[in-house]
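# Observations on the three-dimensional arrangement
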Amino acid sequence: MAKIGGLGTTPCPKAPKPLRSRAYRAAVASLECYHCRLHGHSQAAHPNTGKTKGVKACDSLCFPMCCVSGNDHHRQFDQYELVPRADMQAYEEAAHRWTVATLLARGMWPKGMEVPALDRLNSSLPSMACM
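Now for a description of the structure that goes with this document. This is a predicted model, so every value here is computed, not measured. (Residues numbered from 1 in each chain as written. Predicted model: local features only at pLDDT ≥ 70, side-chain atom pairs only at ≥ 80, totals over all residues. Heavy atoms only, no water.)

### Some words on the overall build of the chain
Applicable threshold: Secondary structure elements follow DSSP: runs of H or I of four or more residues count as helices, runs of E of two or more count as strands, with numbering from the N terminus. For every residue, the accessible area obtained with a 1.4 Å probe (protein chains only) is divided by the maximum for its type, and the residue is called buried under 20%, exposed over 50%, and partly exposed between those limits. Two residues qualify as a contact provided that any one of their heavy atoms is within 4.5 Å of a heavy atom in the partner residue. Only the protein chains shown count as cover for residues, and the accessible areas themselves come from Shrake-Rupley with a 1.4 Å probe.
Of the regular secondary structure elements, the chain holds four helices and four strands. Of all 131 residues assigned to the chain, the portion counted as buried reaches 37%. Put simply, of all contacts in the chain between residues at least 6 apart along the chain, 65% involve residues at least 24 apart. Working note: accessible area of the chain is about 7,900 Å², and carbon and sulfur atoms make up 56% of it.

### Let's talk about the nonpolar core
Quick note on the threshold: What makes a nonpolar core is a set of buried Ala, Val, Leu, Ile, Met, Phe, Trp, Tyr and Cys residues whose side-chain atoms join them at distances within 4.5 Å.
Grouped together as the largest cluster of nonpolar side chains are 21 residues, with contacts concentrated most on Tyr-24, Met-65, Phe-77, Tyr-91 and Leu-103. Of all the elements in the fold, those that place two or more residues in this core are α1 (22–29), β3 (42–45), β4 (63–66) and α3 (88–105). Considering each element in turn, this core owes the most residues, six residues, to α3. Discounting chain neighbours no more than four positions away, the residues touching Phe-77 are His-46, Pro-47, Asn-48, Phe-63, Met-65, Leu-82, Met-88, Tyr-91 and Glu-92.

### Points about the side chain of Ser-21
Note the threshold: Pairs of N or O atoms within 3.5 Å make up the polar contacts considered here, provided that, within protein, one atom can donate a hydrogen while the other can accept it, and that residues adjacent in sequence are counted only when both atoms are side-chain atoms.
Mapped onto the secondary structure, Ser-21 falls in the loop between β2 (7–8) and α1. Within the structure, the side chain of Ser-21 is placed 3.1 Å from the backbone nitrogen of Tyr-24, a separation counted as a polar contact. Each residue touching Ser-21, except ones within four places of it in the same chain, is listed here: Asp-59 and Met-113.

Structure (structure tokens):
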């Protein structure tokens, strides 16, 4: 423990590393776009709420957004053009709940990945721990 000005300091605990799951991102990308329901052109979009520069949110919070030229909802979402900032968190939470429910209903949940508890899906994204 280092001392600063005669006072003891306590180290801050490190935040958990964001979960990275190629299998989950692939399953999400195979779904239709959450925004327009276009099928076959989705990518796994990470939420913007709570993100920091250079660090994406956990993969477990991703939802599908299309990336078709002229209808690029993923880019529009990332640039805050698709959803007003004031509505972003609610939109992301709804997209995440829909994605989890859809993957589970279609039997597409990746093996070995923990399924989030339903009560955690109703909490705000920034406070959600990585699953």
